[in-house]
Amino acid sequence: MGYETELILDVAVPARHVAAFRRALRRKQEDRKDEANYLFEQLRMSTCRTVEFCDPGAPGGAGELSPTVVPDEEEGLVTAVLCEAFPSSGKWYHTEELASWLAAQGCRGRIFQQSRESDGDCRGWSLRGATSAP
């Protein structure tokens, strides 16, 4: 979709694929000739092995979730773990490539792409390791 959409990732990297995933993601992010580079530059794997869009400069943005003390109306101050996710809305031209690449890396989960415009278009991909289904 080449218009304003929301991209929702519900994707995890199996434990046995973590090292290979990190290497492959780094190669994708460093490939400036790849038209989809803008999309892969924003991806991070959290410490929980989920694939997310993150701002690397934000707390938790590099996948290191850290405890934060936050006020709670009933409990006073409580400790919570927050991940400041990068906004996932934009013009995503290469979502098919992202879904295929994640499946090839052995990832499992789902990807949803929902239009933020009046047409209501929606797409989805199911990742089952080495294959994906539209």
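In case you missed it, the structure is sitting above this.
Cut-offs applied
- Residues numbered from 1 in each chain as written.
- Predicted model: local features only at pLDDT ≥ 70, side-chain atom pairs only at ≥ 80, totals over all residues.
- Heavy atoms only, no water.
- Pairing = 2+ DSSP bridges.
- Helix = DSSP H or I, 4+ residues; strand = E, 2+ residues; numbered from the N terminus.
- Buried < 20%, exposed > 50% of the residue type's maximum accessible area, 1.4 Å probe, protein only.
- Axes fitted to C-alpha atoms, helices over the stretch in contact; angles between N-to-C directions.
- Parallel < 35°, antiparallel > 145°, perpendicular 65-115°, else oblique.
- Left-handed = near helix turned anticlockwise from the far one by under 90°.
- Contact = heavy atoms within 4.5 Å.

(A) Up close: the pairing of strand S8 (residues 122-128). Pairing analysis gives seven bridges linking strand S7 (residues 108-115) to S8, with the strands arranged antiparallel. Bridging across to S8, Gln 114 finds its partner in Cys 122. In textbook terms, the turn of a hairpin is the stretch between consecutive antiparallel strands, and for S7 and S8 this stretch comprises six residues, one of which, Gly 120, has a positive phi near 70 degrees.

(B) Seen up close, the side chain of Arg 44. Here Arg 44 lies in strand S2 (residues 43-45). What makes Arg 44 buried here is its relative accessible area of 18%.

(C) Representation of the pairing of S7. Residues Gly 109, Ile 111, Gln 113 and Ser 115 line the buried face of S7, whereas the alternating positions Arg 108, Arg 110, Phe 112 and Gln 114 sit on a face that is not buried. Sheet topology note: the strand S1 (residues 4-12)/S7 ladder contains eight bridges and is antiparallel. Along S7, the bridge assignment pairs Ala 12 with Arg 108.

(D) How the structure looks around the packing of helix H1 (residues 18-30) against helix H3 (residues 95-104). Contact geometry of H1 with H3 gives a least axis separation of 11 Å together with a crossing angle of 150 degrees. Here H3 runs roughly antiparallel to H1, going by the angle between their axes. In this structure, H1 meets H3 at a crossing whose hand is right-handed. Residues Phe 21, Ala 24, Leu 25 and Lys 28 of H1 lie in contact with H3, whose contacting residues are Glu 97, Trp 101 and Leu 102.

That is the geometry; function is a separate question.
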